[in-house]
Amino acid sequence: AQSVSQHNHHVILSEAASLELGCNYSYGGTVNLFWYVQYPGQHLQLLLKYFSGDPLVKGIKGFEAEFIKSKFSFNLRKPSVQWSDTAEYFCAVNVITGNQFYFGTGTSLTVIP
Amino acid sequence: GAGVSQSPRYKVAKRGQDVALRCDPISGHVSLFWYQQALGQGPEFLTYFQNEAQLDKSGLPSDRFFAERPEGSVSTLKIQRTQQEDSAVYLCASSSTGNPSLNYGYTFGSGTRLTVV
């Protein structure tokens, strides 16, 4: 079955630690890839996206993600997290032949000051 | 407004009651989507409109769920005879394009949290 997998359900880090959140998808064909963030009490916000070209994409607030086609992965990274990065992070895949997004189950990140 | 607006923010319904959830997309946005987000899960697709046309309703879980967008702007998601399993956050999102190959990402509303008791 087609799916988006986020293997880390809960991550706890100290400030200044490095972050990597895994995302794997199982869709064949051409896909667009996204990471969304949901801060406590707020709506989902786009963090970054990949359509084509350079597989390393940079987003807002110092986040970046790398698309590795051979591994069907789109992992999110940040070299040094801040307390304000505490949030829920969702990976999403859009198959370009359709409009809907397929979301992972999310990763809850808690950054300890 | 500048964002996607959803109302009410919270709704408590007794089992068997009908509910209507409203979404005001960003003005001029062609595409409108409804998603259901159960506790501890990612959003799951319910239905998609391009202007007033409902092009995909494959995600609606049962015939108790109905969505409309009669004038191509505001949309309403209606759930008839609510059940406890309908408890979730219902998210609306809109996009300026109706072309899948130009899908740059949605703008989401804050959602309506529905609790069926």
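Residues numbered from 1 in each chain as written. Chains lettered and ligands numbered in written order. Predicted model: local features only at pLDDT ≥ 70, side-chain atom pairs only at ≥ 80, totals over all residues. Heavy atoms only, no water.

Participant: Please explain the overall build of chain A as it appears in this structure.
Facilitator: Each helix and strand in chain A was counted, giving 0 helices and 12 strands. Moving toward the C terminus, one meets the helices and strands of chain A in the order β-β-β-β-β-β-β-β-β-β-β-β. Its C-alpha radius of gyration of 13 Å places chain A within 12% of the 13 Å reference for a compact globule of 113 residues. Along the first, second and third principal axes, the C-alpha atoms of chain A reach 45 × 30 × 20 Å. The buried share of chain A, reckoned over its 113 residues, is 46%. Within chain A, contacts between residues separated by at least 24 positions form 54% of all contacts whose residues are at least 6 apart in sequence. By element, 54% of the accessible surface of chain A is carried by carbon and sulfur atoms, the whole surface being about 5300 Å². (Helix = DSSP H or I, 4+ residues; strand = E, 2+ residues; numbered from the N terminus. Rg over C-alpha atoms; globule rule 2.2 N^0.38 Å. Buried < 20%, exposed > 50% of the residue type's maximum accessible area, 1.4 Å probe, protein only. Contact = heavy atoms within 4.5 Å. Areas by Shrake-Rupley, 256 points an atom, 1.4 Å probe, with all protein chains shown as cover.)

Participant: Teacher, can you tell me more about the pattern of salt bridges here?
Facilitator: Between side chains of opposite charge, a pair can form as their charged atoms come close. Under the criterion given, the structure shown has 7 salt bridges over all chains. Put simply, A:Asp85 and A:Lys78 hold a salt bridge, and the shortest N to O gap is 2.9 Å. Across this residue pair, the class does not change: A:Asp85 and A:Lys78 are buried. Between B:Lys78 and B:Glu68 there is a salt bridge; the shortest N-O distance is 3.4 Å. Here B:Lys78 is found in strand β8 (residues 75–79), whereas its partner B:Glu68 is found in strand β7 (residues 65–68), with 10 residues between them in sequence. Exposure remark for B:Lys78: the relative accessible area of 31% places this residue in the partly exposed category. A residue is classified by how much of its surface remains accessible, and B:Glu68, at 26% relative accessible area, is partly exposed. Through salt bridges that share partners, A:Lys58, A:Glu64, A:Glu66 and A:Arg77 make up one connected network. (Salt bridge = Lys/Arg side-chain N within 4 Å of Asp/Glu carboxyl O.)

Participant: Help me out: how do you make sense of the nonpolar core in this one?
Facilitator: If you look at the biggest cluster of nonpolar residues, it comprises 30 residues, and the most contacted ones within it are A:Trp35, A:Leu48, A:Phe74, A:Leu76 and A:Tyr89. Broken down by element, the residue count for this core peaks at 5 residues, all from strand β10 (residues 87–95) of chain A. Once residues lying within four places of it in the same chain are set aside, the contact partners of A:Leu76 are A:Leu19, A:Glu20, A:Leu21, A:Trp35, A:Leu47, A:Leu48, A:Phe63, A:Glu64, A:Ala65 and A:Tyr89. Counting residues in each nonpolar core, the second largest holds 20 residues, with B:Leu60, B:Ile79, B:Leu114 and B:Val116 among its members. (Core = buried A, V, L, I, M, F, W, Y, C linked by side-chain atoms within 4.5 Å.)

Participant: Help me out: how do you make sense of the sheet that holds β7(B) in this one?
Facilitator: Sheets are built from strands paired through backbone hydrogen bonds, the pairs being either parallel or antiparallel. Residues and elements named next belong to chain B. With antiparallel pairing, 4 strands are arranged side by side in an open sheet as β1-β3-β8-β7. Edge positions in the open sheet fall to β1 (5–7) and β7, since each of these has one partner strand only. Strand-to-strand twist in this sheet, taken as the mean axis angle between neighbours without regard to direction, amounts to 15°. Relative to β8, strand β3 (residues 19–24) runs antiparallel, the two being bridged by 5 bridges. (Pairing = 2+ DSSP bridges. Axes fitted to C-alpha atoms, helices over the stretch in contact; angles between N-to-C directions.)

Participant: It is not clear to me how the interface of chain A and chain B should be interpreted in this structure. Could you clarify?
Facilitator: Often, the extent of an interface is quoted as the loss of accessible area upon association of its parts. Contact residues are listed per partner, giving 20 residues for chain A and 23 residues for chain B. Between chain A and chain B, roughly 1600 Å² of surface is buried when both sides are summed, and carbon and sulfur atoms account for 55% of that area. Between chain A and chain B we count 0 salt bridges in total. Counting residues per element, the ones that place at least two in the side of chain A that touches chain B are β5 (31–38), β6 (45–50), β10 and β11 (101–103) of chain A. (Buried area = accessible area lost by both parts, 1.4 Å probe.)

Participant: Explain the state of the cysteines to me, please; I cannot follow it from the model alone.
Facilitator: As used in these notes, a disulfide is a covalent bond between sulfur atoms, one from each of two cysteines. Within the structure shown, the criterion is met by 2 disulfides over all chains. The disulfide partner of A:Cys23 is A:Cys91, and the S-S distance across this bridge is 1.9 Å. Across the S-S bond linking A:Cys23 and A:Cys91, the dihedral sits near -65°, which makes this disulfide left-handed. With A:Cys23 in the loop between β3 (19–21) and β4 (24–25) and A:Cys91 in strand β10, this pair connects stretches of sequence that are 68 residues apart. Here A:Cys23 and A:Cys91 have matching classes, each one buried. The partner cysteine of B:Cys23 in its disulfide is B:Cys92, sulfur to sulfur 1.9 Å. On the sign convention where negative means left-handed, the S-S torsion of about -65° between B:Cys23 and B:Cys92 marks this disulfide as left-handed. With B:Cys23 in strand β3 and B:Cys92 in strand β9 (residues 88–95), the pair connects residues that are 69 residues apart, well separated along the chain. On the accessibility criterion, B:Cys23 (0% relative accessible area) is buried. (Disulfide = S-S within 2.5 Å.)

Honestly, that's just the spatial picture; any functional story needs more than this.
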